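Chain residues, written in single-letter form:
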Amino acid sequence: QFLYFIEVGCESMMQHYDPTRVHNQIGKALESVRRILDSTRNPTYAADVSHSYGDKYELAEFLTQVVAGGYQDTIAMMGEFDMSKIVGWTSSGKHITLRYQVEKKCTFSKKATREVENATKYVTEYKNSDSNSTSTRTDKTITKVTEWFWKYTATHSVFIYSGTDTEDRIPLKNGSCESTIDLKTTTEEPPYPKHSISDPVDCNISWLLRNTSTAFKIDRSPESCRTPSNNPAVLEALSFAQNVAVWGEKVQKTVSEVFVVQETHLIGQDEVALSECLDKQFFVPVVPVMQQSGDSSVLRVTDGRTPSSMLQANDSQALLEEHRRSLSEIINQFNTMTSGNHLINKTTLMVSTLSNHIINLSQHYHDGIQYIEQMLVSQLTSAIGKHLYRPDFCEYMDYHYRTVFNNMCLIEGFSYAVRKNGKTPEGVISVTSDHSSLPIQTITKVIGNDPPMEFDLNASAKVSFTGKKYVHGYVNYEFGQESQSSLCLSARARQFSCYAMLLGKIGSDDLFIPTDALIVRDKDDYRIPILLETIPTPKEFKDRIESLSPEQKQFAKSYRAMQLAGTLFGIVIIQIKPQLEKVLNLPQGSLTKEIQLTQHLLDLFIRYQIPSDLLSYDQETDTEWVDLAAEASTQTTNKLKAVKQHVADVKGMLDAAKEAEILEHQQVLQMNKIEEEVIPCVEPVRKISLPSRKKKDIKEELIGNKPSRL
């Protein structure tokens, strides 16, 4: 089986899996677990216990059952509800939703005016000169202040409803309350909106009601069940844990918006910061532990033969009982709070604390499931001896193909030498991947030369070709979080060797559609990335066009047909020397050792685009070179001499044209220099290349010393 890493998208208040953090987290929880369970139990880290593969499934079931019980206990602390009514909703197929909502009002109470005496006083002392007595006068400032008083009310509601009917609800009374506080301002504008209702915070709890603390089981029979942590049942549980954690986070955010109005509250007679109460930790029963197998009397037997290392059913109930006790103990501390006139009271504080605990339960469950997956990874890595990456997996699959298929089909690397029969290779083409310099391994089939294939050279010419045809099949892999390999086509040529490579698509069994072509010669080494595009599978395509209009469906099918027609990548290799021999009317193999002649021919054809008729051997016009009655070897030598002479003549013309062009360029430079010396001017003369139609006149004027007409 293959390992799949499960990583549920976590919100800001849930952390991604960290092995060190989880190990320390389990270590702290083990101290409480050992105190709760019977003394005959010896729970410890599941990774440290010798167990079977089936025990991992049981551990996943244990964690899911315990976290489901923890969710139910936490919601029950917000208020008891009529379970029979919920069972009726569930049996009718309705979705059950838990909602939290706050209605806020800010109403005017009264307006009051009061006098405020300034703390600063001014004292004046008077002295009577006649009676030699003194007296004092005190002045002070009194400010008249007008204040507006408001009553801010927050009504918190927690209830359960089915479907979309929010009126038919089951309220959770312990989590519902109305809290108020008196506010005052120095302006007549209300400090908050007169009436507002927060966005409802909903969570679908249908999964929780279907899976009680003992009902959850993993069906291991379907193919979709891959590992204890990657199967439909556990993935559904992880999805619910994610959703309920998001619900808890949004509840905390909504409550904190109310708490902003009043940042402290009273427990008994002490004033405590809000954060100190929210930091209270409940016991979390979601712990991935197993029991040591030293005492076989405490081990369960699951299939009649193999004892299980998992805890027993009454052990999970003991953990949930401790969970309920810790919930009650901390919530009872809130009950001693004086209700008073506070927004932060025992009810709102309980809702915020319990929602934070729901996030902790989801975090521990997510960590526990990932812990099981990491056990599989660690054990497999230990068995193999190293951590596997995509190159390792590709190497294994290559070995797998060679072992399984054996002689049933041809498995070989995509690498071919470009050569004529019995001759030294002129180059090599290969396809490699980014994880290895070796050619990729493909399933290969060789088919015959017939029928010949053709491609369009231009709008009016077609080229027909034959030769060996190879059909290759290649599987590109993804492994873990690594993407598929990137492929690269390599083409190399030896010195004084050449061949043409055409890239394109196979249109049909006799049609090649080229898109690119290049000539590889004289130690060229090309590396061409092969860009791959993924198209939907037939089932995906059918599902995606199901709801389209008839016209859109027809267009999508036609376009897909075009895509499928071009999915077969083709490479055509054409050796140039044999084609040159045919074009020049030379015997087969006559250019094999004519290196210099071949290089000159390639330059003339590629660089100068010289027509082949000017260079080829013509039996009618080249009679002085070849004696038809001579031996074949002598005729071949004479034909080569004729071609060499044609090449020399054409090169002579080209050399003469080059010299004439150089001379013309030198004359233009000389003319510019003469103008600078003869024609005085204040501004520097701008050098201009003369038009080609005047070059002849300039040449005559310079050679014949005629006066310039410029």
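Counting of residues starts from 1 at the beginning of each chain's written sequence and follows it residue by residue. Local features in a predicted model are, by the rule used here, given only for residues with pLDDT of at least 70; side-chain atom pairs are given and counted only at 80 or more, and totals for whole chains, interfaces and linings are based on all residues. Working from all heavy atoms in the structure, the side-chain values ignore hydrogens and water.

### Let's talk about the overall build of the protein chain
Under the DSSP-based scheme used, a helix requires at least four consecutive residues in state H or I and a strand at least two consecutive residues in state E, with every element numbered from the N terminus. The number of helices and strands found in the protein chain is 15 helices and 25 strands. Relative to its full complement of 710 residues, the protein chain shows a buried share of 39%. A contact between two residues is defined here by any heavy atoms of the two lying within 4.5 Å. Considering only contacts within the protein chain whose residues lie at least 6 apart along the sequence, 74% involve residues at least 24 apart. All accessibility values rest on the Shrake-Rupley procedure with a 1.4 Å probe; residue burial counts only the protein chains present in the view. Only carbon and sulfur atoms are counted for the fraction: they give 51% of the accessible area of the protein chain, which is about 41,600 Å². In this scheme, a residue with accessible area under 20% of its type's maximum is buried, one over 50% is exposed, and one in between is partly exposed, where area comes from a 1.4 Å probe on protein chains only.

### Focus on a nonpolar patch on the surface
For patches, a residue must show more than 30% relative accessible area and have no salt bridge; joins then use 9 Å for like charges and 5 Å for nonpolar side chains, namely Val, Leu, Ile, Met, Phe, Trp and Tyr. Take a side-chain nitrogen of Lys or Arg and a carboxyl oxygen of Asp or Glu: if they are within 4 Å of each other, that pair is a salt bridge. The grouping of L410, V446 and Y470 at the surface amounts to a nonpolar patch, some 240 Å² of accessible area in total. Relative to the elements of secondary structure, Y470 occurs in strand β20 (residues 469–473).

### Concerning the sheet that holds strand β13 (residues 410–413)
Judged by pairing direction, the sheet is antiparallel, and its three strands sit side by side in the order β13-β17-β20 without closing on themselves. The open sheet has two edge strands with one neighbour each: β13 and β20. With direction set aside, neighbouring strand axes in the sheet form an average angle of 45 degrees. As judged from the four bridges shared by β13 and strand β17 (residues 441–447), these two strands associate in the antiparallel manner. Looking at β17, one finds that I411 is bridged to I443. Paired strands, as defined in this entry, are two strands with at least two bridges between them according to DSSP. To get an axis, fit a line to the C-alpha atoms, keeping to the stretch in contact for a helix; angles then go from 0 to 180 degrees between the N-to-C directions.

### Topic: the packing of aromatic side chains
The geometry of an aromatic ring pair is captured by the separation of the ring centres together with the interplanar angle, meaning the angle of the planes. Ring pairs are drawn from Phe, Tyr and Trp, using the six-membered ring of Trp, whenever the two centres fall within 6.5 Å, and their geometry is named by plane angle: stacked under 30 degrees, edge-to-face over 60, tilted for the rest. Under the definition given, this model contains 15 aromatic pairs. Ring centres of F108 and W150 lie 5.4 Å apart, and the angle between their planes is 75 degrees; this geometry places the pair in the edge-to-face category. With F108 in strand β2 (residues 96–128) and W150 in strand β3 (residues 133–162), this pair connects stretches of sequence that are 42 residues apart. By relative accessible area, which is 6% here, W150 ends up buried.

### Describing the nonpolar core
Side-chain atoms within 4.5 Å link the members of a nonpolar core, which is a set of buried Ala, Val, Leu, Ile, Met, Phe, Trp, Tyr and Cys residues. Among the nonpolar cores identified, the biggest contains 89 residues, and L59, Y71, Y100, I160, I205, W247 and Y365 are the most heavily contacted of them. With 12 residues, the single largest contributor to this core is helix α5 (residues 232–259). Sequence-distant contacts of W247, that is, excluding residues within four places in its chain, are made with M78, L98, Y100, V201, D202, C203 and I358. If you look at the next biggest cluster of nonpolar residues, it comprises 27 residues, including F455, A500, L580 and L604.

### Here we look at the environment of K105
Looking at the secondary structure, you find K105 in strand β2. Overall, K105 belongs to the partly exposed group, its relative accessible area being 38%. Along the chain, K105 and T153 lie 48 residues apart, while their C-alpha atoms are 5.2 Å from each other.

### Focus: the packing of α5 against helix α8 (residues 346–384)
At a closest axis distance of 8 Å, the pairing of α5 and α8 adopts a crossing angle of 150 degrees. Taken together, α5 and α8 sit at an angle that is classed as roughly antiparallel. Considering how the two elements wind past one another, α5 and α8 form a crossing that is left-handed. Our angle categories are set so that under 35 degrees counts as roughly parallel, over 145 as roughly antiparallel, 65 to 115 as roughly perpendicular, and the remainder as oblique. Helix crossings are classified by the rotation of the near helix relative to the far one: an anticlockwise turn of less than a right angle makes the crossing left-handed, while a clockwise turn makes it right-handed.

### A closer look at the packing of helix α7 (residues 313–335) against α8
Each pair of packed helices can be described by the angle between their axes along with the distance between the axes. In contact at an axis separation of 9 Å, α7 and α8 are set at 155 degrees when each is read in the N-to-C sense. Here α7 is positioned roughly antiparallel relative to α8, judged by the angle of their axes. At the point where α7 passes α8, the crossing takes the right-handed sense. Here H323, L327, I331, F334 and N335 of α7 lie close against α8, whose contacting residues are K346, L349, M350, T353, L354, H357 and L361.

### Side note on unusual backbone geometry
One non-glycine residue, D522, lies in the positive phi region at around 50 degrees. Mapped onto the elements, D522 comes out in the loop between β23 (511–521) and β24 (525–530). If you check the backbone angles, K523 has positive phi at about 65 degrees while not being a glycine. Relative to the assigned elements, K523 resides in the loop between β23 and β24. Using a relative accessible area of 58% as the deciding quantity, one classes K523 as exposed.

### Some points on the pattern of salt bridges
Per the stated rule, a full pass over the model turns up 19 salt bridges. Notably, a salt bridge pairs D168 with K85, separated by 2.8 Å at the nearest N-O pair. In this pair, D168 is assigned in strand β4 (residues 165–171) and K85 in helix α3 (residues 83–91), connecting sequence segments 83 residues apart. Judged by relative accessible area, D168 falls into the partly exposed class, the value being 30%.

### Details of the pairing of strand β19 (residues 462–465)
In this sheet, β19 lies alongside strand β18 (residues 453–456) in antiparallel orientation, the contact comprising four bridges. Bridge pairing in β19 places F455 opposite V463. Taking the residues that link successive antiparallel strands as the turn, the β18-β19 hairpin has five residues.

### Details of the confidence of the model for the protein chain
Summarising the model, the protein chain shows a mean pLDDT of 82, and 86% of its residues fall at 70 or more. For every residue, the predictor states its confidence as a pLDDT score lying anywhere from 0 to 100. Confidence over residues 264–273 falls short of pLDDT 50; this stretch has 24 contacts with residues more than four positions distant or in other chains. Ignoring residues within four places in sequence, the model shows residues 690–696, a span with pLDDT below 50, making four contacts including any to other chains.

### Some details on the environment of Y401
As for its position among the elements, Y401 is in helix α9 (residues 390–405). Not counting the four nearest positions on each side in its chain, Y401 is found in contact with N406, I411, V475 and Y477. Here Y477 takes part through its side chain, which lies 2.7 Å from a polar atom of the side chain of Y401. Polar contacts, as used here, are pairs of N or O atoms within 3.5 Å; protein pairs need one atom able to donate a hydrogen and one able to accept it. Residues neighboring in sequence count only if both atoms are side-chain atoms.

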